[in-house]
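# Coordinate inspection notes
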Amino acid sequence: TTELSPAWHTEQGAVRNNDKNFIKERTNKISNSRRKMRKNHLLKMRQRLLRSILLLILLGGFGVYLKSSCMKCPTDDSYSPECLKSVIPPWPICLFHDVPNFVEISEDSATRCCKEDGDLSECKCPHMDSQKFIDHIDEWCEGVAACSASFGFEEDVESEELVGLE
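Residues numbered from 1 in each chain as written. Predicted model: local features only at pLDDT ≥ 70, side-chain atom pairs only at ≥ 80, totals over all residues. Heavy atoms only, no water.

## Brief notes about the layout of surface pockets
- Put simply, the largest pocket is a space of about 790 Å³.
- Along its surface, the largest pocket is lined by 25 residues, and Ser 86, Cys 125, Phe 133, Ile 137 and Trp 140 are the ones closest to its centre.
- For the lining of the largest pocket, the secondary-structure elements that each account for two or more residues are α2 (81-87), α3 (99-113) and α4 (131-165).
- Residues belonging to the lining of the largest pocket are distributed by class as follows: 14 nonpolar, 6 polar and 5 charged. (1 Å grid on protein atoms, 1.4 Å probe; cavity = no way out; pocket = protein on both sides within 12 Å on 5 of 7 lines; lining within 4 Å. Points joined across faces, edges and corners; volume = space filled by probe spheres on them. Helix = DSSP H or I, 4+ residues; strand = E, 2+ residues; numbered from the N terminus. Nonpolar A, V, L, I, M, F, W, Y, C, P; charged D, E, K, R; others polar.)

## Section: the environment of Met 128
- Along the polypeptide, Met 128 turns up in the loop between α3 and α4.
- The class for Met 128 is partly exposed, based on a relative accessible area of 21%.
- Distance from Met 128 to Cys 113, taken between C-alpha atoms, is 9.2 Å for residues 15 residues apart in sequence.
- In this structure, Met 128 is in contact with Leu 120, Cys 123, Phe 133 and Ile 134, ignoring residues within four places of it in sequence. (Buried < 20%, exposed > 50% of the residue type's maximum accessible area, 1.4 Å probe, protein only. Contact = heavy atoms within 4.5 Å.)

## A few points about the pattern of salt bridges
- In this structure the tally under the stated criterion is 3 salt bridges.
- In this structure, Lys 85 engages Glu 139 in a salt bridge whose closest nitrogen and oxygen atoms are separated by 3.3 Å. Of this pair, Lys 85 sits in helix α2 while Glu 139 sits in helix α4, placing them 54 residues apart in sequence.
- Residue classification places Lys 85 among the exposed residues on the basis of a relative accessible area of 63%.
- In this structure, Arg 112 and Asp 108 form a salt bridge, with 3.2 Å as the shortest nitrogen-oxygen distance. A residue pair is termed a helical-turn pair when its members lie 3 or 4 positions apart in one helix, as Arg 112 and Asp 108 do in helix α3 at 4 residues. (Salt bridge = Lys/Arg side-chain N within 4 Å of Asp/Glu carboxyl O.)

## A closer look at the state of the cysteines
- Counted under the stated rule, the structure contains 4 disulfides.
- Through a disulfide, Cys 73 is tied to Cys 94; the S-S separation comes to 1.8 Å. Of note, the bridge from Cys 73 to Cys 94 carries an S-S torsion of about -75° and is left-handed in sense. You can see Cys 73 sitting in the loop between α1 (6-67) and α2 and its partner Cys 94 sitting in the loop between α2 and α3, a full 21 residues away along the chain. (Disulfide = S-S within 2.5 Å.)

So this is what it looks like as structure tokens:
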């Protein structure tokens, strides 16, 4: 058996103490880095939440703006509701022109697409072969026809009121 010198025990004790200190320091560093990561994570979550809230506020404000009169489809009381339903395209396309322009364009299209014999050969609609087009073309033609009758309709109402007053 070999006996170890007392100096060796002292050196081994110092090494063990250093190991313990090293382990404590390493554990502290790891827990500190975990705290920092957790703190950064919480900060990022708060930032995301704040961004989301701001985005919702902005979108809500934009929604109110869209509902304002400047972002609505045009309307004109001199035309019947059937006419307006047929000639005014969906939003946002309706924002590009006024009602008389849409009526004029629709009446021009009606000369090609609304023939009594049902001939659609001159119609320029890109969807004229679809079932949806075929199902709705008659209703659209009636609505466009109501546009040219709209002006006469108002005059007829006024003349009937005058007749009733006499």
